[in-house]
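Now for the letters of each chain:
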Amino acid sequence: MDHVVTCIAPVNIAVIKYWGKKNEELVLPLNDSLSLTLDCEQMHAKTSVIAGPFFENDMVWLNGEIMSVDGNTRLQKCFQLVRDLIKKKKGVNCAEAKWKIRVCSENNFPTAAGLASSAAGYACLIYTLATAFQLTDEDLPSIARQGSGSACRSLNGGFVHWRADVDKCESDSTVVQIASDTHWPEMIVLILVVNDSKKKTSSTIGMKQSVNTSELLKYRVNECVPKRTAQIIQAIKDKHFSKFAEITMRDSNQFHAICLDTYPPCIYLNHISHEIISFIHDYNEAVGQIKVAYTFDAGPNAFVFLEKENLSSFLSELIHVFPPNHFDTYLRGISSIQINSRIMFNFTPKEKGLLKYIMVTKLGNGPKCINSHLLNQDGIPY
Ligand code: DP6
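In every chain, residue numbers begin from 1 and rise along the written sequence. With the structure being a predicted model, the display of local features is reserved for residues of pLDDT at least 70 and the display and counting of side-chain atom pairs for 80 or more, all residues being used for whole-chain, interface and lining totals. To obtain the side-chain values, all non-hydrogen atoms of the structure were used and water was disregarded.

*Asks:* In this structure, what is going on with the site of the ligand? I would like to understand it.
*Replies:* A cutoff of 4 Å decides nearness: a residue is near a molecule or strand if any of its heavy atoms lies inside that distance of it. In the neighbourhood of the ligand, 17 residues make up the surrounding shell, with Y18, K21, R74, G149 and S150 lying closest. Contacts described as polar in this section are N or O atom pairs within 3.5 Å, which, within protein, must combine one atom able to donate a hydrogen with one able to accept it, while residues neighboring in sequence count only if both atoms come from side chains. A distance of 2.7 Å separates an oxygen atom of the ligand from a polar side-chain atom of R74. S148 is positioned such that a nitrogen or oxygen atom in its side chain is 2.8 Å from an oxygen atom of the ligand. Among the elements that make up the shell around the ligand, the one with the highest residue count is helix α4 (residues 203–213) (three residues). We call Asp, Glu, Lys and Arg charged. Ala, Val, Leu, Ile, Met, Phe, Trp, Tyr, Cys and Pro are nonpolar, and the rest, Gly among them, are polar. Among the residues forming the shell around the ligand, the class breakdown is seven nonpolar, five polar and five charged. In this document the domain limits rely on a domain assignment from an automatic tool or a database. Among the domains, domain 1 (5–181) and domain 2 (187–362) are the pair contributing at least three residues each to the shell around the ligand. Secondary structure elements follow DSSP: runs of H or I of four or more residues count as helices, runs of E of two or more count as strands, with numbering from the N terminus.

*Asks:* It is not clear to me how the environment of D137 should be interpreted in this structure. Could you clarify?
*Replies:* When you line up the elements, D137 lands in the loop between α2 (118–132) and α3 (140–147). A simple rule labels every residue: compare its accessible area, found with a 1.4 Å probe on the protein chains alone, to the largest value its type can have, and call it buried under 20%, exposed over 50%, or partly exposed in between. On the accessibility criterion, D137 (55% relative accessible area) is exposed. Along the backbone, D137 and R228 are 91 residues apart, and their C-alpha atoms lie at a distance of 29 Å.

*Asks:* What am I meant to see in the packing of aromatic side chains here?
*Replies:* For Phe, Tyr and Trp, where Trp contributes only its six-membered ring, two rings pair if their centres lie within 6.5 Å, and the inter-plane angle classes them as stacked under 30 degrees, edge-to-face over 60, or tilted in between. Taken as a whole, this structure holds 18 aromatic pairs when the rule is applied. On the numbers, 6.3 Å between centres and 85 degrees between planes, the contact of W184 with F241 is edge-to-face. Here W184 is found in the loop between β11 (174–179) and β12 (187–194), whereas its partner F241 is found in helix α6 (residues 241–261), with 57 residues between them in sequence. An identical accessibility class is assigned to W184 and F241; each is buried. Site record: aromatic cluster; members linked through ring pairs are F279, Y283, F314, F322, F345 and F347. Lying across the ring of Y357, R332 places its NZ or CZ 3.7 Å from the centre. Placement of a positive charge over a ring is assigned whenever Lys NZ or Arg CZ falls within 6 Å of the ring centre and within 35 degrees of the normal to the ring plane.

*Asks:* So what exactly am I meant to see when it comes to the pattern of salt bridges here?
*Replies:* Two side chains with opposite charge may pair up if their charged atoms get near one another. The term salt bridge refers to a side-chain nitrogen of Lys or Arg lying within 4 Å of a carboxyl oxygen of Asp or Glu. If you walk through the whole model with that rule in mind, you get 13 salt bridges. With a closest N to O distance of 3.6 Å, K88 and D139 form a salt bridge. In this pair, K88 sits in helix α1 (residues 73–90) while D139 sits in the loop between α2 and α3, placing the two residues 51 residues apart along the sequence. Classification of K88 by relative accessible area gives exposed; the value is 60%. You can call D139 buried: its relative accessible area is 14%. Here E246 ties to R250 by a salt bridge, and the two come within 2.9 Å at their closest N and O atoms. One end of the pair, E246, and the other, R250, are both in helix α6, four residues apart, so they sit about a helical turn from each other.

*Asks:* In this structure, what is going on with the sheet that holds strand β14 (residues 302–307)? I would like to understand it.
*Replies:* The strands making up a sheet are joined through hydrogen bonds of the backbone, oriented either antiparallel or parallel. Spatial strand order, β13-β14-β12-β16-β15: five strands in an open sheet with mixed pairing. For this open sheet the edge positions go to β13 (292–295) and β15 (331–333), each flanked by a neighbour on one side alone. Strand after strand, the sheet turns through a mean of 25 degrees between neighbouring axes, direction not considered. Two strands form a pair only when DSSP identifies at least two bridges running between them. Bridging between β12 and β14 involves six bridges; their strand directions are antiparallel. Residue I188 lies in a different strand from β14, and its bridge partner there is L306. Any two residues whose heavy atoms approach within 4.5 Å are treated as being in contact. Axis definition: a line fitted to C-alpha atoms, limited for helices to the stretch in contact. Angles are taken between N-to-C directions and run from 0 to 180 degrees. Lying over the sheet, α6 contacts β12, β13 and β14, oriented at roughly 25 degrees with respect to β13. Along the sheet face, helix α8 (residues 311–321) touches β12, β13, β14, β15 and β16 (355–362) and points at about 10 degrees away from the line of β12.

*Asks:* Sorry if this is basic, but what is going on with the domain arrangement of the protein here?
*Replies:* Where the parts come together, the accessible area they lose is often given as the size of the interface. With domains assigned, the protein is organised as domain 1 (5–181) and domain 2 (187–362). Summed over both sides, the interface of domain 1 with domain 2 buries roughly 3,100 Å², with 72% coming from carbon and sulfur. Summed over both partners, the accessible area lost on bringing two parts together, with a 1.4 Å probe, is the buried area. When the buried surface of domain 1 facing domain 2 is broken down by residue, I16, K17 and W19 rank first, second and third, together holding 27% of it. Counting every contact that joins domain 1 to domain 2 gives two salt bridges. Its salt-bridge partner being K17, residue D297 comes within 2.7 Å of it at the nearest N-O pair. For the pair domain 1 and domain 2, the number of links is eight residue pairs in polar contact (both at pLDDT 80 or more). Of the residues forming the side of domain 1 that touches domain 2, the biggest block, four residues, is contributed by strand β2 (residues 12–16). Of the residues belonging to the side of domain 1 that touches domain 2, the class tally is 18 nonpolar, six polar and six charged.

*Asks:* Honestly, the nonpolar core in this entry has me stumped. Any pointers?
*Replies:* Side chains of nonpolar character tend, in soluble globular proteins, to be buried together. Among the nonpolar cores identified, the biggest contains 100 residues, and F133, L190, F244, I276 and F314 are the most heavily contacted of them. Sort the elements by how many residues they give to this core and α2 lands first, with ten residues. Here this core spans two domains, since at least three of its residues come from each of domain 1 (5–181) and domain 2 (187–362). Apart from residues lying up to four places away in sequence, F314 is in contact with L190, F279, I280, Y283, V292, V304 and L306. Nonpolar cores were defined as sets of buried Ala, Val, Leu, Ile, Met, Phe, Trp, Tyr and Cys residues, with membership established by side-chain atoms within 4.5 Å.

This is the structure we're talking about:
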């Protein structure tokens, strides 16, 4: 490899949540999950890689800081799996499998906002390494998921189904694209970044505690997720928004119910998250139809789905109810949006500054290579 390879990878938001592993070591999920991949334009992880016989050790920089590779078992495992794949593809004695690797990675969105960044980060790392070593795509999801489970979904664009059961082999899972990002171009995603400072239990630890202690989790895995997954896939194929929205909200609520049923409980939502939930139900009731849906991961920020034709009127009500501290930086992302709707309903405004900002984005593609690098030829960050 005589040059730096750089790629970007998207964030994905699950509408059927992955929560629980049946195999911790291999990161095999207990249940299917389904996600929407967001456009890289607004949010992405970016990773540069160079490897060669002249480097003495693996080195990784993340968001401007050097990381301890030795202290990070998931990172080590990903490097090992990539080296195993190089041997499988190019021969066991292949010199490239022994090369040390330099990695520099950063997100173009604030990590401090507490938005899931490990999925984009690991998807980007594995995709960039695979490109650098000319490895084929089919093996990448199983490597990426061992960095972070949800990362395997960020290797595809559009609507992505991570299947827990696999016909071919017990020690794997599969990732399939249900529909591309162009299938439902009207779909808009808002990220409501909530003001919150509390550190939360990580997803990895939280889901482990849920598997060990929650009775409800078993019911969800066996009874609810299989039905819901089939229904939401149909709703996506039919572009049936209200069905898609109801399943999304029910699954988010059930996931957080399981977090509460975990002992000791993991509490990811805060009072602002609950205000958002009830505002969205009030809004849907006021318009007489389900026009907007929310989902929450292991944190208080809301991911909101709606169709373009409802964006302007929903945003004007949202900003009326959740007024900002500073107007100029409140709306971010897709720059062409204009809010010209009048306030139609009589919702009471809450105190200013409950939300830090609102990111407006849409669906997008999987990872891709780009030409602006984070590392120089000597493997040193710029
Ligand atoms: C709530 O993928 O972060 O976001 O596999 O342990 O790294 P690990 O967990 P992670 O879990 C994501 C959980 C979730 C739901 C989801 O994205 O499906």
